[in-house]
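Observations on the model geometry
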Amino acid sequence: MDLTGKVAVVTGSGRGLGLAYARALAAAGASVVVNDVEQRVVDAAVQSVESVGGKAFGVTAAVGATAAAEELISAAVERFGRLDVLVANAGVLRDKVLWKMTDDDFDDVVRVHLRGTFTCARAAAVRMREQGEGGRIVLIGSPAGQRGNFGQTNYAAAKAGIVSMARTWALELARARITVNAVIPVAATEMTRTIPAFTPAIDEAGRTGAPLPDWMRKQEGLGTVEDAAGLVVFLGSDASADVTGQAIGIGGDRLALWSHPQEKKTDFRDGGWSADEIAAAWSTGVGTRAETFGIPAPQPPKGD
């Protein structure tokens, strides 16, 4: 995939998945603005991106505020002359169960993930529309936003909102030839390392460089952060011009298309439904096969 001449902004790209996205875009030929809240992390990210042959510029800023979003987009234009791709990746975690989650825990996560995605995408859309040559906006979701996850009220809500924004913006920006998609990545990170079924294999891979076992890469769709980067490069390229409004999963050896929410089963009753009538019909009607919720627990092969 050739992105020569294209310019990308990747928020939250100091480490982990964000850095993998930035490096992959640069390796494909794009010039990249990297971002983190710590200057030393930004400096290291710039060096990392440049080490794969790309051009990079760093912006130290906390994503969320409009000023930060405009600083990032302005940096791309002033340094490299234009903007072609935005990858809205920045995020934080403040995990707690509902009854222990504070207002600050909730607000911090929503501000960075949801509001930060909104402000950065808005600033990118303004610039791309001014250029009049289309563009690519890639939002980063999560399985938690698709299915819910214990202890992640704030994170799951923000990630679900991000996918909804992708669908809405795909409609609004279509005439400007700006595509908007959500990536749902699964990778060996600090968060997935805490899952007991994954811990031994992830620690072993980190220590020895051994690949993750086949059951994790295929059955669970979990691999390295680099495994998730190819999808971002594709969605940032001309090859994805007809792909928009989608939520696409990537991880390990698995590539998947997430379905949009839709009515699963419908029942009708002349005159409408009272509470008693719903109760009487529920188990044999629309409630016959209720939806599951939560991310399924990993299932290692027996003996592992």
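Here the structure is shown first, and the text comes after it.
Residues numbered from 1 in each chain as written. Predicted model: local features only at pLDDT ≥ 70, side-chain atom pairs only at ≥ 80, totals over all residues. Heavy atoms only, no water.

1. Details of the side chain of Thr-179
Relative to the helices and strands, Thr-179 resides in strand E6 (residues 178–185). By relative accessible area, which is 5% here, Thr-179 ends up buried. Sequence-distant contacts of Thr-179, defined by excluding residues within four places in its chain, comprise Gly-135, Arg-136, Ile-137, Leu-235, Ser-240, Ala-241, Val-243 and Thr-244. (Helix = DSSP H or I, 4+ residues; strand = E, 2+ residues; numbered from the N terminus. Buried < 20%, exposed > 50% of the residue type's maximum accessible area, 1.4 Å probe, protein only. Contact = heavy atoms within 4.5 Å.)

2. Examining the pattern of salt bridges
Pairing between side chains of opposite charge can happen when their charged atoms approach one another. One pass over the structure, following the stated rule, counts 16 salt bridges. With a closest N to O distance of 3.2 Å, Arg-40 and Glu-38 form a salt bridge. For Arg-82, the salt bridge identified is with Asp-84, shortest N-O distance 2.9 Å. Like Arg-82, the residue Asp-84 is buried in the burial classification. A single salt-bridge network, built from bridges that share partners, covers Asp-214, Arg-217, Lys-218, Asp-227 and Asp-253. (Salt bridge = Lys/Arg side-chain N within 4 Å of Asp/Glu carboxyl O.)

3. Observations regarding the packing of helix H1 (residues 16–27) against helix H2 (residues 39–50)
Direction vectors running N to C along H1 and H2 enclose 35°, while the axes themselves pass 9 Å from each other. Regarding H1 and H2, the two cross each other, and that crossing is right-handed. Contacts between H1 and H2 involve Leu-19, Ala-22, Arg-23 and Ala-26 on the former and, on the latter, Ala-45, Ser-48 and Val-49. Of the residues that constitute the contact of H1 with H2, the class distribution is five nonpolar, one polar and one charged. (Axes fitted to C-alpha atoms, helices over the stretch in contact; angles between N-to-C directions. Left-handed = near helix turned anticlockwise from the far one by under 90°. Nonpolar A, V, L, I, M, F, W, Y, C, P; charged D, E, K, R; others polar.)

4. Points about the nonpolar core
As a rule of thumb, soluble globular proteins bury nonpolar side chains together. Counting residues in each nonpolar core, the largest one holds 38 residues, and the members touching the most others are Val-9, Ile-137, Leu-139 and Val-180. Among the elements of the structure, strand E1 (7–10), helix H3 (66–80), strand E4 (85–88), helix H4 (103–131), strand E5 (135–140), helix H6 (153–172) and E6 are those that each provide at least two residues to this core. The greatest single-element share of this core, amounting to seven residues, is contributed by H4. Formed by 35 residues, the second largest nonpolar core is a distinct cluster that contains Val-10, Val-34, Val-183 and Ile-250. (Core = buried A, V, L, I, M, F, W, Y, C linked by side-chain atoms within 4.5 Å.)

5. Observations regarding the side chain of Thr-117
With respect to the helices, strands and loops of the structure, Thr-117 is situated in helix H4. Overall, Thr-117 belongs to the buried group, its relative accessible area being 3%. Excluding its chain neighbours within four sequence positions, the residues that come into contact with Thr-117 are Ala-88, Val-112, Leu-139, Ile-162, Met-165 and Trp-169.

6. Quick look at the sheet that holds strand E8 (residues 254–257)
Taken together, the eight strands give an open sheet; going across it, the order is E3-E2-E1-E4-E5-E6-E7-E8, and neighbouring strands pair in mixed fashion. Since the sheet does not close on itself, it has two edges, and those belong to strand E3 (56–60) and E8, each with one partner. Averaged over all pairs of adjacent strands, the angle between their axes in this sheet comes to 20°, without regard to strand direction. Both E4 and E5 contribute to a ladder of four bridges, which runs parallel. (Pairing = 2+ DSSP bridges.)

7. Points about the packing of H3 against H4
Running from N to C, H3 and H4 cross one another at 40°; their axes reach a closest spacing of 8 Å. Our classification of the angle between H3 and H4 gives oblique. Crossing of H3 over H4 shows right-handed handedness. Residue-level contacts link Thr-66, Ala-69, Glu-70, Leu-72, Ile-73 and Val-77 of H3 to Arg-115, Thr-119, Cys-120, Arg-122, Ala-123, Ala-124 and Arg-127 of H4. Classifying every residue of the contact of H3 with H4 gives seven nonpolar, two polar and four charged. (Parallel < 35°, antiparallel > 145°, perpendicular 65-115°, else oblique.)

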